Amino acid sequence: MRIGVIGGGQLGRMMALAGHPLGLEFLFLDRSNDTPAAQVAPSLVGEFTDPKLLNRLARECDLLTFDWENISVESLRALGSSVRIAPSLRALATARDRIKEKQLFDKLGIPTTRYAAVNNPRSLDKALREIGLPGVIKTRSLGYDGKGQAVVRTRDEAHAALLSLPPVPLIYEEFIPFDFEVSAIGARNAQGQTALYPLNHNLHREGILRLTRAPFDSGRLQSKAQSHLRKLLQYFAYQGVLNIEFFVKGQRLLANELAPRVHNSGHWTIEGAATSQFENHLRAILNLPLGSTAARGYSAMINLIGSLPPRDSWLAIPELHWHDYGKTPRPGRKVGHVTVLAQNAMLRDRLANKLLKDIAKHEAISPSPRR
Ligand code: AMP
């Protein structure tokens, strides 16, 4: 059985690594051959919209999936019934458009931020009047890791942001002074079996995920987040792994966005859960029984951004698992991650803080990234 994956980033690479023991083969499609996935599986090189390449992927694979959502729904739709695609294009189309995403949250009764579509100075002024300041202006599509968005505190800043962002449809949302952020990840297969992971506590810096801790013992927050996730899985008759990110203010959860794919905040599941999100994604799209999502202890996942810290000394930490994505270092780029596993939340947090301090020291010594 061969799985075609559109996008060959680190998520695709980890998917392939999880799929090999299941006896699966992979064929990736990405714009370059210098991708994390191409180092572990064959890869076609070209545009995500290239009909020739997509048709070849469809012909040579039993099933298509994707490792990020900034791909063309229309180009995939053109494949018609020649190949099965999971998760569905309906879920992909929703996740690609922040307005559609929020409309769906509203429809399913999942609390979210107040928002308005913005296309020009007039609609921006209307949004500012209705929603107020401060706020966040974001591109409706193609944003990731905080790219394509600006926090604005005054009307002047809002209009300046409108001019500085690309001339594409935008969304204006209220700024949420949240206490912290969480995400919920779950899988569903075609038979309707679902498997939900424990809640993730996420810390971002400059829009990029820095640290995820799970399980995050939060009492009622987890059950609320999981009930929202279940609604979405059912609504789409979903096949695969789905992630939803929330802002938390007091005991309130506000949905920020969803990702119809494996997610960075679920990397800890490779070592920290009985079955990883990558394996469960593959099981789900193949309609196989899902594996247990039970945590094996207390995990902290730290993204390695820009450059890798000294590997050999970090490997001396017995609870640490090292993941190098094989990427060329570049500021702001996710080049790897580590997961530490501990017996309780206190030990885990202590270890994670020590590693974050080590990273800060390393960054201070070597401002220019090196491998
Ligand atoms: P996003 O691309 O929507 O996931 O945004 C990236 C990060 O920016 C989020 O994880 C938050 O830390 C922050 N952010 C986005 N939208 C808002 C908002 N409406 N209020 C406050 N912070 C936000």
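Residues numbered from 1 in each chain as written. Predicted model: local features only at pLDDT ≥ 70, side-chain atom pairs only at ≥ 80, totals over all residues. Heavy atoms only, no water.

S.K.: For helix α10 (residues 277-285), give the residues involved together with the corresponding values.
M.R.: Residue pairs spaced three or four apart in an α-helix point in one direction, given the helix's 3.6 residues per turn. Among the nine residues of α10, eight are classified as buried, and the element is accordingly described as predominantly covered. For α10, every residue scored as buried is listed here: Gln277, Phe278, Glu279, Asn280, His281, Leu282, Ala284 and Ile285. Of the residues one or two after α10, Asn287 is the one with positive phi, at around 55°. (Buried < 20%, exposed > 50% of the residue type's maximum accessible area, 1.4 Å probe, protein only. Helix = DSSP H or I, 4+ residues; strand = E, 2+ residues; numbered from the N terminus.)

S.K.: Describe helix α1 (residues 10-19), with residues and values.
M.R.: In terms of residue burial, α1 counts as a mostly covered element, since nine of its ten residues are buried. Burial in α1 covers these residues: Gln10, Leu11, Gly12, Arg13, Met14, Met15, Ala16, Ala18 and Gly19.

S.K.: Talk me through the site of the ligand; I want residue IDs and the actual numbers.
M.R.: Surrounding the ligand, one finds 14 residues, the nearest of these being Lys138, Glu173, Ile176, Glu181 and Glu257. Side-chain polar atom of Arg98 to an oxygen atom of the ligand: 2.9 Å apart, as the coordinates give it. Here an oxygen atom of the ligand and a side-chain polar atom of Lys138 are 2.8 Å apart. For the ligand, whose accessible area on its own is 470 Å², the fraction buried by protein is 90%. Of all elements in the fold, only β7 (135-139), β9 (170-174) and β15 (252-259) reach the threshold of two or more residues within the shell around the ligand. Here the shell around the ligand is built from residues that sort into five nonpolar, three polar and six charged. Both domains that meet at the shell around the ligand, namely domain 2 (114-174) and domain 3 (180-365), each give it at least three residues. (Near = heavy atom within 4 Å. Polar contact = N/O pair within 3.5 Å; in protein donor to acceptor, adjacent residues only side chain to side chain. Areas by Shrake-Rupley, 256 points an atom, 1.4 Å probe, with all protein chains shown as cover. Nonpolar A, V, L, I, M, F, W, Y, C, P; charged D, E, K, R; others polar. Domains from an automatic or database assignment.)

S.K.: If you had to explain the domain arrangement of the protein chain to someone new, which residues and values would you point to?
M.R.: The assigned domain composition of the protein chain is domain 1 (2-85), domain 2 (114-174) and domain 3 (180-365). Using C-alpha coordinates to define each centre, domain 2 is positioned 29 Å away from domain 3.

S.K.: Residues and numbers for the packing of α1 against α10, please.
M.R.: Between α1 and α10, the least distance of the axes is 8 Å, while the angle of their chain directions is 75°. Taken together, the axes of α1 and α10 are roughly perpendicular relative to one another. Of α10, the residues touching α1 (which contributes Leu11, Met14, Met15, Ala18 and Gly19) are Phe278, Glu279, His281 and Leu282. Of the residues contributing to the contact of α1 with α10, the split by class is six nonpolar, two polar and one charged. (Axes fitted to C-alpha atoms, helices over the stretch in contact; angles between N-to-C directions. Parallel < 35°, antiparallel > 145°, perpendicular 65-115°, else oblique. Contact = heavy atoms within 4.5 Å.)

S.K.: Summarise the pairing of strand β12 (residues 200-205); cite the residues concerned and give the values.
M.R.: Bridging between strand β10 (residues 180-188) and β12 involves three bridges; their strand directions are antiparallel. Directly across from Val182, in β12, lies its bridge partner His201. Bridging between β12 and strand β13 (residues 208-214) involves five bridges; their strand directions are antiparallel. Each bridged residue has a counterpart across the sheet, and for His201 the counterpart in β13 is Arg213. Counted between consecutive antiparallel strands, the loop separating β12 from β13 contains two residues, among which Glu206 sits at a positive phi close to 50°. (Pairing = 2+ DSSP bridges.)

S.K.: Provide a residue-level description of the confidence of the model for the protein chain, including the pertinent values.
M.R.: For the protein chain, the average pLDDT comes to 95, and 97% of its residues sit at 70 or higher. This model gives residues 367-371 a pLDDT under 50, and the stretch forms 14 contacts once residues within four places in sequence are excluded. (pLDDT = per-residue confidence, 0-100.)

S.K.: Can you explain the sheet that holds strand β8 (residues 149-152)? Please cite residues and give values.
M.R.: On the basis of which strands lie adjacent, the open sheet formed by four strands has the order β6-β9-β7-β8 and antiparallel pairing. Looking at the sheet topology across the chains shown, the edges are occupied by β6 (115-118) and β8. Recorded for the sheet is a direction-independent mean angle of 20° between the axes of neighbouring strands. Pairing analysis gives five bridges linking β7 to β9, with the strands arranged antiparallel. Bridging across to β9, Lys138 finds its partner in Ile171. Seen against the sheet, helix α7 (residues 155-164) touches β6, β7, β8 and β9 and runs at an angle of roughly 170° to β8.

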